[in-house]
Amino acid sequence: MRSASPLLIGLSAVMVAIQDDMPLVLVTRRGSEDALPFGPFHPDKHRTFDLSLRGWVREQTGFELGYVEQLYTFGDRDRETPEATLAGAPPHSRVISVGYLALTPDARPAEAGFEARWQNWYRYFPWEDHRNGRPALIDNQIAPRLFTWAAGKELRLERAKIAFGLDGARWAEERVLDRYELLYEAGLVAECARDANLAEPDIALGEAMASDHRRILATAISRLRGKIKYRPVVFELMPERFTLSALQRTVEGILGLGLHTQNFRRALDKTGLVTGTGAMETGTGGRPAELYRFCRDQAISTGAPGLSTPRRSAD
(Lines give C-alpha, C1' and ligand atoms only; values in the text may rest on other atoms or scores of the structure.)
Protein backbone atom coordinates (compact mmCIF):
# COMPACT_ATOMS: atom_id res chain seq x y z
CA MET A 1 0.00 0.00 0.00
CA ARG A 2 1.35 3.36 -1.04
CA SER A 3 1.94 5.75 1.87
CA ALA A 4 0.28 9.15 1.82
CA SER A 5 2.35 12.11 0.64
CA PRO A 6 3.53 14.46 3.42
CA LEU A 7 1.17 17.42 3.71
CA LEU A 8 2.26 21.05 3.91
CA ILE A 9 -0.15 23.94 4.57
CA GLY A 10 1.07 27.16 3.01
CA LEU A 11 -0.31 30.70 3.17
CA SER A 12 -0.21 33.04 0.17
CA ALA A 13 -1.04 36.76 0.21
CA VAL A 14 -2.38 38.82 -2.69
CA MET A 15 -1.76 42.36 -1.41
CA VAL A 16 -3.40 45.01 -3.62
CA ALA A 17 -2.99 48.79 -3.80
CA ILE A 18 -3.80 51.51 -6.32
CA GLN A 19 -1.27 54.04 -7.55
CA ASP A 20 -1.72 56.48 -10.45
CA ASP A 21 -5.01 54.73 -11.29
CA MET A 22 -3.20 51.41 -11.76
CA PRO A 23 -3.93 48.27 -9.68
CA LEU A 24 -0.74 46.96 -8.12
CA VAL A 25 0.13 43.68 -6.42
CA LEU A 26 3.02 43.14 -4.02
CA VAL A 27 5.43 40.48 -5.25
CA THR A 28 8.69 38.93 -4.17
CA ARG A 29 11.20 37.06 -6.32
CA ARG A 30 11.51 33.27 -6.56
CA GLY A 31 14.45 32.45 -8.79
CA SER A 32 13.74 34.02 -12.17
CA GLU A 33 10.01 34.53 -11.54
CA ASP A 34 7.82 36.86 -9.55
CA ALA A 35 5.96 35.26 -6.66
CA LEU A 36 3.37 36.16 -4.07
CA PRO A 37 4.48 36.38 -0.42
CA PHE A 38 4.23 32.81 0.85
CA GLY A 39 5.07 30.91 4.01
CA PRO A 40 4.24 27.56 5.64
CA PHE A 41 1.83 27.27 8.54
CA HIS A 42 3.32 25.49 11.57
CA PRO A 43 0.58 24.37 14.00
CA ASP A 44 3.07 24.19 16.87
CA LYS A 45 4.29 27.76 16.32
CA HIS A 46 1.32 29.66 14.89
CA ARG A 47 -1.93 30.08 16.82
CA THR A 48 -4.00 31.10 13.76
CA PHE A 49 -3.65 31.25 9.98
CA ASP A 50 -4.18 35.02 10.13
CA LEU A 51 -1.32 35.64 12.55
CA SER A 52 0.95 33.29 10.60
CA LEU A 53 0.15 35.08 7.33
CA ARG A 54 0.82 38.51 8.81
CA GLY A 55 4.12 37.28 10.19
CA TRP A 56 5.30 35.82 6.88
CA VAL A 57 4.33 38.94 4.93
CA ARG A 58 6.13 41.13 7.47
CA GLU A 59 9.23 38.92 7.34
CA GLN A 60 9.38 38.73 3.54
CA THR A 61 8.28 42.23 2.54
CA GLY A 62 8.43 44.53 5.57
CA PHE A 63 4.74 45.40 5.16
CA GLU A 64 2.05 45.15 7.82
CA LEU A 65 -1.25 43.78 6.51
CA GLY A 66 -4.44 45.73 7.18
CA TYR A 67 -7.72 44.54 5.61
CA VAL A 68 -7.47 40.79 4.95
CA GLU A 69 -9.99 38.15 3.89
CA GLN A 70 -9.54 34.49 3.08
CA LEU A 71 -9.69 33.94 -0.65
CA TYR A 72 -9.64 30.25 -1.48
CA THR A 73 -7.92 26.98 -0.61
CA PHE A 74 -5.82 25.58 -3.44
CA GLY A 75 -5.32 21.85 -2.91
CA ASP A 76 -5.44 20.11 -6.29
CA ARG A 77 -3.26 17.04 -6.56
CA ASP A 78 -0.18 17.44 -8.79
CA ARG A 79 0.06 21.19 -8.22
CA GLU A 80 3.53 22.58 -8.82
CA THR A 81 5.05 22.55 -5.32
CA PRO A 82 8.41 24.31 -4.95
CA GLU A 83 6.94 25.90 -1.80
CA ALA A 84 7.60 22.64 0.05
CA THR A 85 11.30 23.42 0.11
CA LEU A 86 10.65 26.58 2.14
CA ALA A 87 9.63 24.52 5.16
CA GLY A 88 12.22 21.79 4.77
CA ALA A 89 9.42 19.37 3.98
CA PRO A 90 10.18 15.85 2.68
CA PRO A 91 10.34 15.31 -1.10
CA HIS A 92 7.04 14.91 -2.95
CA SER A 93 5.11 16.76 -0.26
CA ARG A 94 1.63 17.82 -1.22
CA VAL A 95 0.98 21.52 -0.66
CA ILE A 96 -2.39 22.90 0.42
CA SER A 97 -2.19 26.64 -0.12
CA VAL A 98 -4.65 28.99 1.59
CA GLY A 99 -4.83 32.25 -0.36
CA TYR A 100 -5.69 35.61 1.18
CA LEU A 101 -6.70 38.94 -0.34
CA ALA A 102 -5.31 42.03 1.38
CA LEU A 103 -6.11 45.66 0.50
CA THR A 104 -4.14 48.78 1.41
CA PRO A 105 -4.29 52.47 0.45
CA ASP A 106 -0.49 52.74 0.83
CA ALA A 107 1.69 51.52 -2.03
CA ARG A 108 4.90 52.84 -0.52
CA PRO A 109 8.14 51.21 -1.69
CA ALA A 110 9.48 48.32 0.35
CA GLU A 111 12.10 49.16 2.92
CA ALA A 112 15.77 48.55 2.22
CA GLY A 113 16.76 44.92 2.62
CA PHE A 114 13.55 43.49 1.14
CA GLU A 115 13.16 42.29 -2.45
CA ALA A 116 9.42 42.98 -2.43
CA ARG A 117 8.09 45.45 -4.96
CA TRP A 118 4.77 46.58 -6.40
CA GLN A 119 3.88 45.44 -9.90
CA ASN A 120 1.01 46.39 -12.21
CA TRP A 121 -1.27 43.34 -12.16
CA TYR A 122 -1.95 43.77 -15.89
CA ARG A 123 1.70 42.80 -16.38
CA TYR A 124 0.52 39.24 -15.73
CA PHE A 125 -2.89 39.56 -17.43
CA PRO A 126 -2.54 42.02 -20.37
CA TRP A 127 -5.80 40.81 -21.94
CA GLU A 128 -7.78 42.01 -18.90
CA ASP A 129 -7.37 45.81 -19.27
CA HIS A 130 -10.18 47.21 -21.44
CA ARG A 131 -10.17 50.78 -20.14
CA ASN A 132 -8.96 52.06 -23.51
CA GLY A 133 -10.89 49.53 -25.55
CA ARG A 134 -10.62 45.81 -26.20
CA PRO A 135 -6.92 44.80 -26.31
CA ALA A 136 -5.85 43.84 -29.83
CA LEU A 137 -4.00 40.91 -28.25
CA ILE A 138 -7.30 39.05 -27.82
CA ASP A 139 -8.47 39.04 -31.42
CA ASN A 140 -5.04 39.05 -33.10
CA GLN A 141 -3.22 36.46 -30.99
CA ILE A 142 -5.36 34.68 -28.41
CA ALA A 143 -8.55 33.97 -30.40
CA PRO A 144 -6.85 32.30 -33.43
CA ARG A 145 -4.87 29.98 -31.14
CA LEU A 146 -7.94 29.10 -29.07
CA PHE A 147 -9.94 28.36 -32.22
CA THR A 148 -7.16 26.04 -33.42
CA TRP A 149 -7.06 24.32 -30.01
CA ALA A 150 -10.85 23.97 -29.94
CA ALA A 151 -11.28 22.81 -33.55
CA GLY A 152 -13.84 20.00 -33.71
CA LYS A 153 -14.61 20.21 -29.99
CA GLU A 154 -17.81 22.15 -29.38
CA LEU A 155 -17.43 22.38 -25.60
CA ARG A 156 -13.95 23.89 -25.89
CA LEU A 157 -15.18 26.34 -28.51
CA GLU A 158 -18.11 27.46 -26.37
CA ARG A 159 -15.85 27.95 -23.35
CA ALA A 160 -13.46 30.08 -25.39
CA LYS A 161 -16.24 32.27 -26.75
CA ILE A 162 -17.78 32.85 -23.32
CA ALA A 163 -14.46 33.46 -21.57
CA PHE A 164 -12.99 35.93 -24.06
CA GLY A 165 -16.15 37.51 -25.45
CA LEU A 166 -15.69 36.07 -28.94
CA ASP A 167 -18.21 36.07 -31.79
CA GLY A 168 -20.38 38.72 -30.15
CA ALA A 169 -20.39 37.29 -26.62
CA ARG A 170 -20.33 39.94 -23.88
CA TRP A 171 -17.05 40.45 -22.01
CA ALA A 172 -17.56 39.42 -18.37
CA GLU A 173 -14.87 41.15 -16.33
CA GLU A 174 -15.20 38.75 -13.39
CA ARG A 175 -14.10 35.68 -15.41
CA VAL A 176 -10.39 36.34 -14.85
CA LEU A 177 -9.72 32.88 -13.45
CA ASP A 178 -11.74 31.16 -16.18
CA ARG A 179 -9.68 32.90 -18.84
CA TYR A 180 -6.33 32.07 -17.26
CA GLU A 181 -7.24 28.43 -16.70
CA LEU A 182 -8.45 28.14 -20.30
CA LEU A 183 -5.13 29.52 -21.58
CA TYR A 184 -3.26 27.11 -19.30
CA GLU A 185 -5.30 24.15 -20.54
CA ALA A 186 -4.65 25.21 -24.13
CA GLY A 187 -0.90 25.35 -23.46
CA LEU A 188 -0.70 29.07 -24.21
CA VAL A 189 0.90 30.32 -20.97
CA ALA A 190 4.47 29.67 -19.88
CA GLU A 191 3.48 27.95 -16.62
CA CYS A 192 1.88 25.08 -18.57
CA ALA A 193 5.09 24.41 -20.50
CA ARG A 194 7.16 24.65 -17.32
CA ASP A 195 4.93 22.33 -15.27
CA ALA A 196 4.65 19.69 -18.03
CA ASN A 197 8.24 19.98 -19.31
CA LEU A 198 7.02 21.06 -22.74
CA ALA A 199 8.38 23.54 -25.25
CA GLU A 200 7.62 27.19 -24.55
CA PRO A 201 4.47 28.49 -26.32
CA ASP A 202 5.06 30.56 -29.46
CA ILE A 203 3.64 33.68 -27.80
CA ALA A 204 4.24 35.42 -24.48
CA LEU A 205 0.84 35.99 -22.84
CA GLY A 206 1.72 38.01 -19.76
CA GLU A 207 4.59 37.39 -17.38
CA ALA A 208 4.75 33.99 -15.70
CA MET A 209 4.76 33.63 -11.92
CA ALA A 210 6.28 31.00 -9.64
CA SER A 211 4.34 27.82 -8.87
CA ASP A 212 0.59 28.46 -9.41
CA HIS A 213 0.76 32.04 -8.10
CA ARG A 214 -0.67 33.51 -11.31
CA ARG A 215 -3.72 31.29 -10.79
CA ILE A 216 -4.01 32.55 -7.20
CA LEU A 217 -3.69 36.16 -8.39
CA ALA A 218 -6.38 35.55 -11.04
CA THR A 219 -8.67 34.22 -8.31
CA ALA A 220 -8.07 37.36 -6.24
CA ILE A 221 -8.80 39.70 -9.15
CA SER A 222 -12.00 37.80 -9.94
CA ARG A 223 -13.06 38.05 -6.30
CA LEU A 224 -12.30 41.76 -6.01
CA ARG A 225 -14.02 42.63 -9.30
CA GLY A 226 -17.15 40.94 -8.07
CA LYS A 227 -17.04 42.08 -4.47
CA ILE A 228 -16.81 45.83 -5.11
CA LYS A 229 -20.31 45.58 -6.57
CA TYR A 230 -21.93 44.26 -3.38
CA ARG A 231 -19.62 45.42 -0.56
CA PRO A 232 -17.87 48.81 -0.16
CA VAL A 233 -14.39 47.22 -0.03
CA VAL A 234 -13.03 49.61 -2.66
CA PHE A 235 -12.69 52.23 0.09
CA GLU A 236 -9.98 50.09 1.70
CA LEU A 237 -7.87 51.17 -1.28
CA MET A 238 -8.66 54.88 -1.00
CA PRO A 239 -6.91 57.54 1.10
CA GLU A 240 -8.86 59.22 3.88
CA ARG A 241 -9.96 62.01 1.50
CA PHE A 242 -10.42 61.62 -2.24
CA THR A 243 -12.19 63.14 -5.22
CA LEU A 244 -15.07 61.36 -6.93
CA SER A 245 -12.98 61.22 -10.09
CA ALA A 246 -10.21 59.41 -8.22
CA LEU A 247 -12.76 56.95 -6.81
CA GLN A 248 -14.13 56.25 -10.30
CA ARG A 249 -10.63 55.75 -11.73
CA THR A 250 -9.86 53.30 -8.93
CA VAL A 251 -12.97 51.26 -9.72
CA GLU A 252 -12.13 51.39 -13.44
CA GLY A 253 -8.58 50.21 -12.71
CA ILE A 254 -9.84 47.20 -10.76
CA LEU A 255 -12.50 46.26 -13.32
CA GLY A 256 -10.34 47.00 -16.34
CA LEU A 257 -13.33 48.88 -17.80
CA GLY A 258 -14.32 52.47 -18.51
CA LEU A 259 -17.42 53.63 -16.60
CA HIS A 260 -20.16 56.11 -17.50
CA THR A 261 -19.35 59.06 -15.24
CA GLN A 262 -22.83 60.54 -14.79
CA ASN A 263 -24.46 57.18 -14.13
CA PHE A 264 -21.66 56.18 -11.74
CA ARG A 265 -22.05 59.35 -9.68
CA ARG A 266 -25.83 59.23 -9.74
CA ALA A 267 -25.77 55.70 -8.33
CA LEU A 268 -23.07 56.63 -5.80
CA ASP A 269 -25.21 59.47 -4.45
CA LYS A 270 -28.01 57.02 -3.67
CA THR A 271 -25.78 54.77 -1.56
CA GLY A 272 -24.86 57.38 1.06
CA LEU A 273 -21.36 55.86 1.18
CA VAL A 274 -19.51 59.15 0.75
CA THR A 275 -19.93 62.69 2.02
CA GLY A 276 -18.27 65.92 1.01
CA THR A 277 -15.68 67.43 3.34
CA GLY A 278 -16.00 71.00 2.05
CA ALA A 279 -12.26 71.01 1.28
CA MET A 280 -11.02 71.28 -2.29
CA GLU A 281 -8.22 69.45 -4.06
CA THR A 282 -5.48 71.90 -4.98
CA GLY A 283 -2.22 71.81 -6.88
CA THR A 284 -3.45 69.63 -9.74
CA GLY A 285 -3.35 72.40 -12.35
CA GLY A 286 -6.97 71.75 -13.30
CA ARG A 287 -10.34 72.80 -11.98
CA PRO A 288 -10.50 72.29 -8.18
CA ALA A 289 -12.64 69.33 -7.12
CA GLU A 290 -14.24 68.70 -3.74
CA LEU A 291 -12.70 66.08 -1.50
CA TYR A 292 -14.95 63.37 -0.07
CA ARG A 293 -14.61 60.76 2.66
CA PHE A 294 -16.03 57.29 3.19
CA CYS A 295 -18.85 57.09 5.75
CA ARG A 296 -17.47 53.96 7.38
CA ASP A 297 -19.64 53.94 10.52
CA GLN A 298 -22.82 54.34 8.50
CA ALA A 299 -21.73 51.64 6.05
CA ILE A 300 -21.11 49.20 8.89
CA SER A 301 -24.36 49.95 10.71
CA THR A 302 -26.54 49.72 7.61
CA GLY A 303 -24.77 46.87 5.82
CA ALA A 304 -24.18 49.19 2.87
CA PRO A 305 -23.94 47.70 -0.64
CA GLY A 306 -21.05 48.14 -3.04
CA LEU A 307 -20.86 50.43 -6.03
CA SER A 308 -22.80 50.42 -9.27
CA THR A 309 -20.45 49.97 -12.22
CA PRO A 310 -22.25 51.25 -15.34
CA ARG A 311 -20.08 50.71 -18.40
CA ARG A 312 -19.51 53.34 -21.02
CA SER A 313 -21.80 52.64 -23.98
CA ALA A 314 -18.85 51.70 -26.19
CA ASP A 315 -17.75 48.90 -23.83
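One structure accompanies this document, and this report is about it. In this text the structure is predicted, and so the values were computed from the model without any measurement.

### What about helix H3 (residues 154–164)?
Moving on, step 1. Leu157, Ala160, Ala163 and Phe164 are the residues of H3 that are buried. One side of H3 holds all its buried residues, which, seen down the axis, span an arc of 135°. Within H3, the exposed residues directed more than 90 degrees away from the buried face are Glu154 and Leu155.
Moving on, step 2. At the exit of H3 stands Gly165, carrying a positive phi of roughly 60°.

### Some words on unusual backbone geometry
Moving on, step 1. With phi around 55°, Asp167 is a residue other than glycine that occupies positive phi space.
Moving on, step 2. For Asp167, the location among the structural elements is in the loop between H3 and helix H4 (176–185).
Moving on, step 3. Taking relative accessible area as the criterion, Asp167 reaches 62% and is therefore assigned exposed.
Moving on, step 4. Within the chain, Ser211 stands out as a residue other than glycine whose phi angle is a positive 50°.
Moving on, step 5. Taking relative accessible area as the criterion, Ser211 reaches 3% and is therefore assigned buried.

### Thoughts on the side chain of Arg225
Moving on, step 1. In this structure, Arg225 sits in helix H6 (residues 213–227).
Moving on, step 2. Here the side chain of Arg225 touches Ile254 through a polar contact of 2.7 Å, landing on its backbone oxygen.

### Here we look at the environment of Arg249
Moving on, step 1. Within the secondary structure, Arg249 sits in helix H7 (residues 244–255).
Moving on, step 2. Through-space distance from the C-alpha of Arg249 to that of Leu205 is 25 Å; in sequence the pair is 44 residues apart.

### Regarding the nonpolar core
Moving on, step 1. Among the nonpolar cores identified, the biggest contains 69 residues, and Leu146, Phe164 and Phe235 are the most heavily contacted of them.
Moving on, step 2. Apart from residues lying up to four places away in sequence, Leu146 is in contact with Ala160, Phe164, Leu182, Leu183, Ala186 and Leu188.
Moving on, step 3. Listed in part, the 18 residues of the second largest apolar core include Ala13, Ala17, Leu65 and Val68.

Calculation notes
- All residue numbers refer to positions counted from 1 along the written sequence of the respective chain.
- Thresholds applied to this predicted model are a pLDDT of at least 70 for local features of residues and 80 or more for the giving and counting of side-chain atom pairs; totals over whole chains, interfaces and linings are not thresholded and use all residues.
- Neither water nor hydrogens contribute to the side-chain values; these are computed over all heavy atoms in the structure.
- Exposure classes here rest on a 1.4 Å probe applied to the protein chains alone. A residue is buried below 20% of its type maximum, exposed above 50%, and partly exposed in between.
- Only DSSP runs of H or I reaching four residues or more are called helices, and only runs of E reaching two or more are called strands; each is numbered from the N terminus.
- The reported arc concerns the directions from the helix axis to the C-beta atoms and nothing else.
- Within 3.5 Å is the distance limit for a polar contact, defined as a pair of N or O atoms, with the added protein rule that one can donate a hydrogen and the other accept it, and that residues adjacent in sequence qualify only through two side-chain atoms.
- We define the nonpolar core as a collection of buried residues of types Ala, Val, Leu, Ile, Met, Phe, Trp, Tyr and Cys that are connected through side-chain atoms lying within 4.5 Å of one another.
- Note on definitions: a residue-residue contact is assigned when non-hydrogen atoms from the two residues lie within 4.5 Å.

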